[in-house]
Amino acid sequence: MKRDEWKSRLGFMLAAMGSAVGLGNIWRFSYVAGENGGATFLLIYIFFILAFGIPLLLTEFSIGKAGKKDAVGSFMRLAPGTKWHWTGVMGVIGGTLILSFYSVVCGWSLYYLFHYLIGDFWTEPTGGFGQSFENWTSTTWEPLFWQFLFMIAVVLVVIRGIKRGIERANLIAMPALAILMVVLAVYSLTLDGASEGLAFLFTPDWSQFGNPQVYLAAMGQAFFSLSIGIGGMLTYASYLKSNDRLPTATVGIGIMDTVFAVIAGIVIFPAVFSFGGDVTDGPPLVFITLPSIFASMPAGGLVGIGFFALLVMAAYSSALSMLEVPVAYVHRTLGLSRKAAAIVCGTVIFAIGVTVSLGYGIWSHVTIVENKNILDSIDYITGNYILPLGTMLMAIFVGWYWTKDQAIKRSEINTPILQSSWYFIIRYIVPVAILVIAITSIVDK
Ligand code: VAL
């Protein structure tokens, strides 16, 4: 049977942007930036996106486009008889693990959207949003119900395949997301404390530039946000037609992803400053701080609907790309139909997600890494080990396993100066930098 492919390059670009723009840009970006000094973090983050993220995204795309198979199969085809396919296996595991905790947070977002829609969250619940968030996430069945609902929606689209499922969904979701974000940002800018929020986001504290933790956080966030190192972008690129060119699409996706993060910052920080929230509130910023702010602002209920609709939509298109990684693999290797593969993978991911969700309730005493609960542990393992390692291996594969000619030809870069800069970054800078940052972080601990 002929392998599925994108109908148009625009369809691919929107889907890849959909993959990149997700909870990472809104939920994760806002609290990591909040905890790491705002503007200083933003500058270093942009540096990592431009210097490492975009070149690496191109690396992952070129492996997928040349391999024309899923994350594991592409490596097998390009490097037969070697162990390189383990990089793909790691991607499949990474994508599966990230989606397992991602789907829990998606379930929470869906629950919030529902409660904004029925008007429940328009005013602060008794005991406050913090208390209600804790009470609710520690129950057993309800969070699982919302997570299940979310996973069903993801599985249903992935079953339909690339052209009819993922491409179509993103064709609607991405433009809608962009419009919604701009509307919310404009609204945020009209708030009284907007200038303070903007200063936090755009006026760097120069003393923070010597802090290694900010670099670590910025690099991790850049990889997470661009969805690199987990094989999702590789798999998406494997459905490209051979005349669809990579470099401009890659730069476009990298820039759009960053613009979305900055706009998310413009939506969130002015609101936090205007209404006396705390930017260092961490992961609950979006589920506790923002709802309290919405409750105290005029028309806050409507803003809440807009915001959580945005979060669900962004998360949805990212989840599609993460589910596609194991589905493409299982579909090819186990000979299952796409439908069966999507149901099997969706069920496994949901099952892992159940443990993550229970980690907020009856299993809250379970810790895996240090004293972190199940969600934080999986986020930690994937973010600090699997993503950087996966990205580094892909860079080494392209920079050292391929010949220079092969690498440059498959990157499809035309300009000589860009060709050599890209190759130099991938071959030398990325592996060394990831190693140095990893070692520094271990020593720092
Ligand atoms: N890049 C996405 C995000 O930022 C996912 C795929 C991790 O949320």
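Residues numbered from 1 in each chain as written. Predicted model: local features only at pLDDT ≥ 70, side-chain atom pairs only at ≥ 80, totals over all residues. Heavy atoms only, no water.

1. Brief notes about a nonpolar patch on the surface
Here is step 1: On the surface, a nonpolar cluster with roughly 400 Å² of combined accessible area is contributed by Trp400, Phe424, Tyr428 and Ile429.
Here is step 2: Among the elements that line the nonpolar patch, the one with the most residues is helix α18 (residues 416-444), at three residues.
Here is step 3: Here Tyr428 lies in helix α18. (Patch = residues over 30% accessible without salt bridge, like charges linked within 9 Å, V, L, I, M, F, W, Y side chains within 5 Å. Areas by Shrake-Rupley, 256 points an atom, 1.4 Å probe, with all protein chains shown as cover. Salt bridge = Lys/Arg side-chain N within 4 Å of Asp/Glu carboxyl O. Helix = DSSP H or I, 4+ residues; strand = E, 2+ residues; numbered from the N terminus.)

2. Observations regarding a positive patch on the surface
Here is step 1: On the surface, Lys7, Arg160, Lys163, Arg164 and Arg168 cluster together into a positively charged patch.
Here is step 2: For Lys163, the location among the structural elements is in helix α8 (residues 161-189).
Here is step 3: Residue classification places Lys163 among the partly exposed residues on the basis of a relative accessible area of 34%. (Lys, Arg positive; Asp, Glu negative; His and termini not counted. Charge placed at Lys NZ, Arg CZ, Asp CG, Glu CD. Buried < 20%, exposed > 50% of the residue type's maximum accessible area, 1.4 Å probe, protein only.)

3. So, helix α14 (residues 300-333)
Here is step 1: With 34 residues, α14 should reach 50 Å at 1.5 Å per residue; the first-to-last C-alpha distance of 50 Å fits that figure.
Here is step 2: Among the 34 residues in α14, 26 count as buried, and that is most of the element.
Here is step 3: Backbone geometry just downstream of α14 places Gly335 in the positive-phi region, at approximately 65 degrees. (Expected span 1.5 Å × (residues − 1).)

4. Remarks on the packing of aromatic side chains
Here is step 1: Counted according to the given criterion, the structure contains 44 aromatic pairs.
Here is step 2: Taking the centre distance of 5.6 Å and the plane angle of 65 degrees together, the rings of Trp27 and Tyr31 count as edge-to-face. With Trp27 and Tyr31 both in helix α2 (residues 23-35), this residue pair falls four residues apart, about one helical turn.
Here is step 3: Geometrically, the ring pair formed by Tyr112 and Phe287 is edge-to-face, given 5.2 Å between the ring centres and 70 degrees between the ring planes. One end of the pair, Tyr112, is in helix α5 (residues 85-117); the other, Phe287, is in the loop between α12 (247-274) and α13 (289-296), with 175 residues separating them in the sequence.
Here is step 4: Since its relative accessible area comes to 0%, Phe287 is described here as buried. (Phe/Tyr/Trp six-rings, centres within 6.5 Å; stacked < 30°, edge-to-face > 60°.)

5. Examining the site of the ligand
Here is step 1: Around the ligand, a shell composed of Ser19, Ala20, Gly22, Leu23, Gly24, Asn25, Tyr102, Phe224, Ser225, Ser227, Ser318 and Met322 is seen.
Here is step 2: Phe224 is positioned with one of its backbone polar atoms (N or O) 2.8 Å from a nitrogen atom of the ligand.
Here is step 3: Between the ligand and the protein, one listed contact pairs a nitrogen atom with a backbone N or O atom of Ser225 at 3.0 Å.
Here is step 4: Judged by the fraction of its atoms near the pocket grid, the ligand is located in the largest cavity.
Here is step 5: Secondary-structure elements contributing two or more residues to the shell around the ligand are α1 (9-20), α2, α10 (212-225) and α14.
Here is step 6: Ranked by residues supplied to the shell around the ligand, first place goes to α2 with three residues.
Here is step 7: Taken together, the residues that form the shell around the ligand break down as five nonpolar, seven polar and no charged. (Near = heavy atom within 4 Å. Polar contact = N/O pair within 3.5 Å; in protein donor to acceptor, adjacent residues only side chain to side chain. 1 Å grid on protein atoms, 1.4 Å probe; cavity = no way out; pocket = protein on both sides within 12 Å on 5 of 7 lines; lining within 4 Å. Sits in = over half its atoms within 2 Å of the grid points. Nonpolar A, V, L, I, M, F, W, Y, C, P; charged D, E, K, R; others polar.)

6. Some words on the packing of α5 against α14
Here is step 1: It is at 8 Å that the axes of α5 and α14 come closest, and there the two elements cross at 155 degrees. When the interaxial angle is binned, α5 and α14 end up roughly antiparallel. The element α5 and its partner α14 pack so that their crossing is left-handed.
Here is step 2: Of the residues assigned to the contact of α5 with α14, the class counts are 22 nonpolar, eight polar and no charged. (Axes fitted to C-alpha atoms, helices over the stretch in contact; angles between N-to-C directions. Parallel < 35°, antiparallel > 145°, perpendicular 65-115°, else oblique. Left-handed = near helix turned anticlockwise from the far one by under 90°.)

7. Things to note about the side chain of Glu412
Here is step 1: Mapped onto the elements of the fold, Glu412 is located in the loop between α17 (404-411) and α18.
Here is step 2: Given a relative accessible area of 15%, Glu412 falls into the buried group.
Here is step 3: A distance of 2.8 Å separates a polar atom in the side chain of Glu412 from the backbone nitrogen of Leu246.
Here is step 4: What Glu412 contacts, discounting residues up to four positions off in sequence, is Lys65, Asp244, Arg245, Leu246 and Pro247. (Contact = heavy atoms within 4.5 Å.)

8. Observations regarding the side chain of Glu60
Here is step 1: One can find Glu60 in helix α3 (residues 39-67).
Here is step 2: Assessed through its relative accessible area of 1%, Glu60 is described here as buried.
Here is step 3: There is a polar contact of 3.1 Å between the side chain of Glu60 and the backbone nitrogen of Leu234.
Here is step 4: Once residues within four sequence positions are removed from consideration, Glu60 is found in contact with Ser227, Ile228, Gly229, Ile230, Gly231, Gly232, Met233, Leu234 and Met394.

9. Side note on empty space enclosed by the protein
Here is step 1: As enumerated under the stated definition, the model contains three cavities of 30 Å³ or more in all.
Here is step 2: What the largest cavity holds in volume is close to 110 Å³.
Here is step 3: Along its surface, the largest cavity is lined by 15 residues, and Ser19, Tyr102, Phe224, Ser227 and Met322 are the ones closest to its centre.
Here is step 4: Residue assignment for the lining of the largest cavity shows that the elements contributing at least two residues are α1, α5, α10 and α14.
Here is step 5: Broken down by class, the residue content of the lining of the largest cavity amounts to eight nonpolar, seven polar and no charged.
Here is step 6: Computed from the structure, the second largest cavity encloses a volume of approximately 60 Å³.
Here is step 7: Leu184, Tyr187, Ser188, Val267, Ala271, Leu290, Phe294, Met297, Val303 and Phe307 are the residues that line the second largest cavity.
Here is step 8: Broken down by secondary-structure element, the contributors of at least two residues to the lining of the second largest cavity are α8, α12, α13 and α14. (Points joined across faces, edges and corners; volume = space filled by probe spheres on them.)

10. Remarks on the packing of α8 against α14
Here is step 1: One can describe the packing of α8 onto α14 by two numbers: an axis separation of 9 Å at closest approach and a directional angle of 150 degrees. Relative to α14, α8 is oriented roughly antiparallel. α8 and α14 meet at a crossing whose hand is left-handed. In contact with Ile162, Ile166, Ala169, Asn170, Ala173, Met174, Ala176, Leu177, Leu180, Met181, Leu184 and Tyr187 of α8, α14 contributes Val303, Gly306, Phe307, Ala309, Leu310, Met313, Ala314, Ser317, Leu320 and Glu324.
Here is step 2: When the residues that make up the contact of α8 with α14 are grouped by side-chain class, the tally is 18 nonpolar, three polar and one charged.

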